[in-house]
Amino acid sequence: MEKNEIVRLVKERSGTDARKCMKCGKCSGRCPAYHDMDIKPHQFVSYIEKGEIDKLMQSKSLYTCLSCFACVERCPRGVAPANVIEAVRQEVIRQQGGNKIMAETVPSMIDETIPQQLLVSMFRKLNK
Amino acid sequence: MKFSYYPGCTLKTKAKELDLYGRKSLEKLGVDFEEVKEWQCCGAVYPVSRDEVATKLSAVRTLASAKQENAKLLTLCSACHHVLKRVNDDMKNDDNIRLKANNYLGLDEPYQGETEVVHYLELLRDYVGFDKIKEAVVNPLKGQKIAAYYGCLLLRPSETLKFDNPENPSIIEEFIKAIGATPVKYPFSNECCGAYVSATNKEIAVKKSTKVTDSAVANGAEKIVTACPLCMYNLTENGNKKVPVYYFTELLAEALGVKE
Ligand code: SF4
Ligand code: SF4
């Protein structure tokens, strides 16, 4: 029951309709992080449709997706794989103990060159 | 026509050249602009999850303040532009987000996405015109071979950004021609640099940025131009270190003779 509810929430938050996917693989073909992913963009779309949320929540792709939106741009069916990945990542980091980076670690990352934009976006992607 | 200029955090700290030369060039080109009063951070990333409202509020405040000034909102950093443009789209088209954001902010008049968000490059193309820029150039960058680097945030998703052709953009190449230089064609101008992942997984950023810079060099580029401080960081720190990267406003200021 709880698992079904997580699947429902993730689908809702993604704002995309996974049922429209025709499994052409164009999203994964264009993905610049493809080789650094265990579960590929097109698989995120099909796994969420099949309700396989546990696998997705453990996927390392949640942290290698670059949020470049190339998969969204390429999909001929108007599906947004990046949004599914983001919705799953949110589900992971919103849970107790789910943060992947802590505020205390950020100051040690600051140096002469690193832009604020990088630190803020990283923090907002990996901490709730 | 009046523009409310939104610099954002990074342009006041690590990307001062992007801001400084951007302003100087606008003054030279006679554009009527004023910095947004009491602006706040845009949020740096667009919150994709449909249930995120609080993380969009600072962007809504900026958008509403431009509306109050009766001005278009002028952006320069690619990330700020991306966030402000997409949040604006939500305020126009997503009833749920609009309702909740307005309930929270309690503005005198509800904000409904009325502000037009214009990127600096769009201003050059659509409001000033590249022909006018060509005329204003006093120091053409003749003979320089420059590669345009778009990255992701200005272009995608094109359905909302409506910036340029997302697969084959040309606005920065047009800009390069306008300042008298020669644009270099190479296949990775809209490929990702590695983005924020470079902070936690440097290896990926090195792979991505090296691919971009290698390709630019192989096609004869002597310089790369970008509008994004994060791209600047990755291409410079994680690229092949064989080609210098500049903010496009710096080259614009140089061509217009306002760079000291
Ligand atoms: S947004 Fe993520 S999944 Fe989509 S193409 Fe970019 S890196 Fe790949
Ligand atoms: S590009 Fe779209 S339709 Fe094709 S596999 Fe990816 S999500 Fe499915």
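Calculation notes
Residues numbered from 1 in each chain as written. Chains lettered and ligands numbered in written order. Predicted model: local features only at pLDDT ≥ 70, side-chain atom pairs only at ≥ 80, totals over all residues. Heavy atoms only, no water. 1 Å grid on protein atoms, 1.4 Å probe; cavity = no way out; pocket = protein on both sides within 12 Å on 5 of 7 lines; lining within 4 Å. Points joined across faces, edges and corners; volume = space filled by probe spheres on them. Helix = DSSP H or I, 4+ residues; strand = E, 2+ residues; numbered from the N terminus. Nonpolar A, V, L, I, M, F, W, Y, C, P; charged D, E, K, R; others polar. Buried < 20%, exposed > 50% of the residue type's maximum accessible area, 1.4 Å probe, protein only. Pairing = 2+ DSSP bridges. Right-handed = clockwise from strand over helix to strand, strands pointing away. Near = heavy atom within 4 Å. Axes fitted to C-alpha atoms, helices over the stretch in contact; angles between N-to-C directions. Contact = heavy atoms within 4.5 Å. Domains from an automatic or database assignment. Buried area = accessible area lost by both parts, 1.4 Å probe. Salt bridge = Lys/Arg side-chain N within 4 Å of Asp/Glu carboxyl O. Polar contact = N/O pair within 3.5 Å; in protein donor to acceptor, adjacent residues only side chain to side chain.

### As for empty space enclosed by the protein
Summed over all chains, the structure comprises four cavities of 30 Å³ or more. Listing elements by their share of the lining of the largest cavity, those giving two or more residues are α7 (116–126) of chain A together with α3 (78–93) and α10 (229–238) of chain B. Among the elements that line the lining of the largest cavity, the one with the most residues is α3(B), at four residues. In terms of residue class, the lining of the largest cavity is built from 19 nonpolar, six polar and two charged.

### Points about the pairing of strand β7 (residues 223–226) of chain B
Residue and element names in this part refer to chain B. Neither face of β7 is exposed, since K223 and V225 on one face and I224 and T226 on the opposite face are all buried. The sheet contact formed by strand β5 (residues 145–148) and β7 spans three bridges and is parallel. Looking across to β7, one finds that A148 is bridged to V225. Sheet topology note: the β7/strand β8 (residues 245–247) ladder contains three bridges and is parallel. Residue pairing in the sheet places V225 in a bridge with Y246 of β8. Between β7 and its parallel partner β8, the chain crosses via α10, and the hand of that crossover is right-handed.

### Here's the deal with the site of ligand 1
Residues and elements named next belong to chain A. In the region of ligand 1, 13 residues are neighbours, and C31, C65, L66, C68 and C71 sit closest. Broken down by secondary-structure element, the contributors of at least two residues to the shell around ligand 1 are α5 (70–74) and α6 (81–94). Tallied by class, the residues present in the shell around ligand 1 amount to 12 nonpolar, one polar and no charged.

### Considering the sheet that holds strand β3 (residues 72–75) of chain B
Residue and element names in this part refer to chain B. If you trace the four strands from one edge of the open sheet to the other, you get β2-β1-β3-β4, paired in parallel fashion. The sheet terminates laterally at β2 (32–35) and β4 (117–119), the two strands that pair on one side only. Strand-to-strand twist in this sheet, taken as the mean axis angle between neighbours without regard to direction, amounts to 35 degrees. As paired strands, strand β1 (residues 2–6) and β2 are joined by four bridges and run parallel to one another. Among the inter-strand pairings, K2 is bridged to a residue of β2, identified as D32. Contacting β1, β2 and β3, helix α1 (residues 16–29) runs over the sheet at an angle of about 150 degrees to β2. Sitting on the sheet, helix α2 (residues 57–68) touches β1, β3 and β4, and the angle it makes with β3 is about 130 degrees.

### Some details on the site of ligand 2
Within the structure, ligand 2 sits among 13 residues, and C21(A), C24(A), G25(A), C27(A) and C75(A) are positioned closest to it. Its residues placed into classes, the shell around ligand 2 shows eight nonpolar, two polar and three charged.

### Digging into the domain arrangement of chain B
Residues and elements named next belong to chain B. Annotation of chain B at the domain level lists domain 1 (2–120) and domain 2 (139–256). In this structure, domain 1 and domain 2 have C-alpha centres spaced 23 Å apart. The interface is formed by 21 residues belonging to domain 1 together with 17 residues belonging to domain 2. A buried area of about 1,800 Å², summed over both sides, lies between domain 1 and domain 2, and 74% of it is on carbon and sulfur atoms. Our count for the contact surface shared by domain 1 and domain 2 stands at zero salt bridges. Our count for the domain 1 to domain 2 interface comes out at six residue pairs in polar contact (both at pLDDT 80 or more).

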